[in-house]
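Below, each chain spelled out in residue letters.
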Amino acid sequence: MTGKPEGEQRLGLLNGFAAYGMWGLVPLFWPLLKPSGAVEILAHRMVWSLLFVAAALLLIRRWAWLGELLRQPRRLALVTVAAAVITVNWGVYIWAVNSGHVVEASLGYFINPLVTIAMGVLLLKERLRPVQWAAVGVGASAVLVLTIGYGRPPWISLCLAFSFATYGLVKKKVNLGGVESLAAESAIQFLPALGYLMWLSARGDSTFGTEGTGHALLLAASGIVTALPLVCFGASAIRVPLSTLGLLQYMTPVFQFLLGILYFKEAMPPERWAGFALVWLALALLTWNALRTARRAARAVARGTAAPGRVPADTVSPAAEADALRARP
């Protein structure tokens, strides 16, 4: 973290811990919104996220990006795709948590780096080191073991991992800041979400306003729960290297996994432990490779054989790149 004052580095790390910690503990929040169903919670999350982020943008007076985005139809189309993909991701995640599948949901974010790497190879023709190929192979074996353990493919995990990897890929091409990106996506989601909530209310099936003031406030708080970790993440991303964020990011699925087995008391038979152990082995290989490459790059810079400030692409884990561009669960 050279080049940054120590106070800035500390502030960046604190914000990183806060962001990933909040994302890791969010499974505790969604059950509070029952008896609302997953789709109703999702719609409220979309509506209140836009209101919260719009207020933040008004406060910091950051609107110049909007006119530029509206003048670029292709970029706007990519934002629409990102909004659609993250809608699937959010919806599946909320449903999984409130249906007692917290551990399987955490698995999705454990295997997301492996899916991101696979998509980079298949879609972007990226070249991998042997260690990275080994990690992908171990990850594929883990999915096979977990399929046997669950008696079915771990579709919740795969859906979360592939939707989020796709989201990261699209966001890379859009190249918008975290708050701006969430605002643009929420604006696209807003009208369909509001229309659904109005339809739900007209049918008499809405829980907003019918389950008490506390429940209504909790539904409204879903916007803050969505946006606040992203604000902390943005404050961290500009102060610490992506390689550091790549390590911090594992806090989220670790917290979710621990909540699943310790708080929600979800079952973990031996075959599931075996599958998770393989996933963790794959992630350990990726992390070791990234750290080794970072050390080599630092030595090359010190010797003057590489341009200062320039780091090889694989120094940063693909998961960290995706995380730097996203709004989590």
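Everything here concerns the structure above.
Values in this document were obtained by computation on a predicted structure and should not be read as measured data.

J.: Pulling in residues and values, what's your account of the nonpolar core?
T.: Formed by 46 residues in total, the largest nonpolar core has its most connected members in Trp 30, Val 53, Trp 65, Tyr 93 and Leu 160. Elements supplying a minimum of two residues to this core: helix 2 (38–60), helix 3 (64–70), helix 4 (73–98), helix 5 (102–124), helix 7 (155–174), helix 8 (178–202) and helix 9 (213–237). A total of 11 residues in this core trace back to one element, the largest contributor, which is helix 4. Every residue in contact with Trp 65, bar those within four places of it in the chain, is listed here: Leu 57, Leu 176, Glu 180, Ala 183 and Ala 184. Ranked by size, the runner-up nonpolar core spans 26 residues in total, among them Phe 110, Leu 114, Ala 142 and Tyr 150.

J.: Explain the packing of aromatic side chains to me, using residue names and the numbers behind them.
T.: Using the criterion set out here, one finds 18 aromatic pairs in the structure. Seen from their ring centres, Tyr 109 and Phe 164 are 6.0 Å apart, and the 80 degrees between their planes marks the pair as edge-to-face. You can see Tyr 109 sitting in helix 5 and its partner Phe 164 sitting in helix 7, a full 55 residues away along the chain. Each member of the pair Tyr 109 and Phe 164 is classed as buried. Pairing Phe 257 with Phe 276 gives two aromatic rings, centres 5.0 Å apart and planes at 40 degrees, and the pair type is tilted. Placement of Phe 257 in helix 11 (residues 251–263) and of Phe 276 in helix 12 (residues 270–303) is noted, with a sequence separation of 19 residues between them.

J.: Give me the packing of helix 1 (residues 6–25) against helix 11: which residues, what numbers.
T.: Where helix 1 contacts helix 11, the axes come no closer than 7 Å and their chain directions differ by 30 degrees. Crossing geometry of helix 1 relative to helix 11 is assigned as right-handed. Seen from helix 1, the contacting residues are Phe 17, Tyr 20, Gly 21, Trp 23, Gly 24 and Leu 25; seen from helix 11, they are Met 251, Thr 252, Phe 255, Gln 256 and Leu 259. Residues that form the contact of helix 1 with helix 11 fall into these classes: seven nonpolar, four polar and no charged.

J.: Quick rundown of unusual backbone geometry? Include the residues and the values.
T.: The step from Lys 34 to Pro 35 runs through a cis peptide bond, and the omega angle for that step is 15 degrees. With a phi close to 55 degrees, Lys 265 is a non-glycine residue in the positive phi region. Secondary-structure assignment places Lys 265 in the loop between helix 11 and helix 12. The class of Lys 265 is exposed, set by a relative accessible area of 65%.

J.: Requested: an account of the environment of Asn 112, with residues and values cited.
T.: In this fold, Asn 112 is placed in helix 5. With 51 residues separating them in the primary sequence, Asn 112 and Ser 163 have C-alpha atoms 9.2 Å apart. Here Ala 165 takes part through its backbone nitrogen, which lies 3.4 Å from a polar atom of the side chain of Asn 112.

Calculation rules
Residues numbered from 1 in each chain as written. Predicted model: local features only at pLDDT ≥ 70, side-chain atom pairs only at ≥ 80, totals over all residues. Heavy atoms only, no water. Core = buried A, V, L, I, M, F, W, Y, C linked by side-chain atoms within 4.5 Å. Buried < 20%, exposed > 50% of the residue type's maximum accessible area, 1.4 Å probe, protein only. Helix = DSSP H or I, 4+ residues; strand = E, 2+ residues; numbered from the N terminus. Contact = heavy atoms within 4.5 Å. Phe/Tyr/Trp six-rings, centres within 6.5 Å; stacked < 30°, edge-to-face > 60°. Axes fitted to C-alpha atoms, helices over the stretch in contact; angles between N-to-C directions. Left-handed = near helix turned anticlockwise from the far one by under 90°. Nonpolar A, V, L, I, M, F, W, Y, C, P; charged D, E, K, R; others polar. Polar contact = N/O pair within 3.5 Å; in protein donor to acceptor, adjacent residues only side chain to side chain.

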